[in-house]
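Architecture and fold: a report
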Amino acid sequence: MSDNPYSTAVLAWYEANARDLPWRAPGASPWSILVSEIMLQQTPVVRVLPAWRAWMERWPTPAHLAEDSPGEAVRMWNRLGYPRRALRLHACATAITGEHGGVVPDDHATLLSLPGVGAYTAAAVASFAFGQRHAILDTNVRRVLARAETGVEYPPKTQTKAEVTLAESLLPPEPSVAARWGVAVMELGALVCTARSPACADCPIAVQCAWTAAGRPAYSGPPRRGQTYAGTDRQARGRLLAVLRDSAEPVAKPALDAVWDDGVQRERALDGLVADGLVDPLEDGRYALPS
DNA sequence: AAGACGTGGTT
DNA sequence: TAACCAAGTCT
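The structure presented is a predicted model; accordingly, all values stated were derived computationally and were not measured.

1. Comments concerning the UniProt feature "domain: HhH-GPD" (unreviewed entry) in chain A
Feature annotation in UniProt assigns "domain: HhH-GPD" (unreviewed entry) to the following positions: residues 39-191. As annotated, residues 39-191 has a helix share of 65% and a strand share of 0%, and its two end C-alpha atoms lie 19 Å apart.

This is how it looks when you write it as structure tokens:
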């Protein structure tokens, strides 16, 4: 097996154009990289940056976070979105501290067993933190491969086995090179081969791109989007949780009732938050972040 | 396996 | 402006 036809161009492009992100610094700990990966799930880099810095300053190791309550993690998460990630990150810290000697595991399967760590994140940590050879297949890479290899503007809505096979086939044989390749393709997707208006003029592999060769045909598949946000249970949950996050003390029910008019939906959302462990119903009738 | 799950910026 | 998009995971 030899390096794929894009690797040299993509790697060179990355050397010259990579963003200077703190979790990519030479001394970045595996824990700091894991934190960044969880935060970056469905969340833009610019919003993660300040949150990551504050988080790492407060909890520099898994043991530090494990000593605090999950509720503090949720509070610190603030408005990053998908607050279950804060709970899972806290659970990661607890597992790493209690079952792995306080050290972030370097084994893909073990990483995968951690809460909130799926196929992508396990591969990313194993690759970026430990220099291992794993296929990195996030939304950026899927888009780059869809265009460069398959010749279509967007990848399928849900990840296919064919995409995994393709990504694995492109992996350079040398682990350190493969790890570099993984971030490089991601970065290419994030900065050049973007979803909306790709900067094909700046693309290092435009001459080898199947989509460009085909004249960049517009996406012709089914609509790619889901529901709107306003009025959903998700919005209601967000409102409810914000009340608890912004209060130093447990809050009484009326304070929650005040932020969402529809009573049926409000109760459903609150029940959901409790079921998810994001909200703790106290015996005195008040509500609090989990302790 | 389709859908739930936050939030905010951009087009 | 409504829709789309952002380093996914879990059920």
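Following the structure, the description resumes.
2. A closer look at the packing of aromatic side chains
Per the stated rule, a full pass over the model turns up four aromatic pairs. Here the aromatic rings of Trp-55 and Trp-59 are separated by 4.7 Å at their centres, their planes lie at 75 degrees, and the arrangement is edge-to-face. Here Trp-55 falls in the buried class, since its relative accessible area comes to 0%. Accessibility expressed as a relative area gives 1% for Trp-59, which makes it buried. When the ring of Tyr-154 is compared with that of Tyr-219, the centres are 5.3 Å apart and the planes differ by 70 degrees; the resulting orientation is edge-to-face. Taken as a pair, Tyr-154 in the loop between helix H9 (139-150) and helix H10 (161-169) and Tyr-219 in the loop between helix H12 (210-213) and helix H13 (233-245) lie far apart in primary sequence, 65 residues in all. By relative accessible area, Tyr-154 is classed as buried at 16%. These aromatic residues form a ring-pair network of at least three members: Trp-55, Trp-59 and Trp-77. The positively charged end of Arg-147 is found above the aromatic ring belonging to Trp-211, 4.8 Å away from the centroid.

3. Concerning helix H6 (residues 84-99)
Working note: α-helix, 3.6 residues per turn, so residues spaced by three or four point in the same direction. When the terminal C-alpha atoms of H6 are compared, their 22 Å separation across 16 residues agrees well with the 22 Å that a helix rising 1.5 Å per residue should span. Where H6 is buried, its residues touch helix H2 (30-40), helix H3 (45-58), helix H4 (62-67) and helix H5 (70-77).

4. Section: unusual backbone geometry
Its identity as a non-glycine residue notwithstanding, Tyr-82 has a phi of 45 degrees, on the positive side. Even without a glycine there, the phi angle at Arg-216 is positive, about 50 degrees. Relative to the helices and strands, Arg-216 resides in the loop between H12 and H13.

The rules behind the values
- Residues numbered from 1 in each chain as written.
- Chains lettered and ligands numbered in written order.
- Predicted model: local features only at pLDDT ≥ 70, side-chain atom pairs only at ≥ 80, totals over all residues.
- Heavy atoms only, no water.
- UniProt positions renumbered as here; feature names shortened; annotations may be inferred.
- Helix = DSSP H or I, 4+ residues; strand = E, 2+ residues; numbered from the N terminus.
- Phe/Tyr/Trp six-rings, centres within 6.5 Å; stacked < 30°, edge-to-face > 60°.
- Buried < 20%, exposed > 50% of the residue type's maximum accessible area, 1.4 Å probe, protein only.
- Lys NZ or Arg CZ within 6 Å of the ring centre and 35° of its normal.
- Expected span 1.5 Å × (residues − 1).
- Contact = heavy atoms within 4.5 Å.

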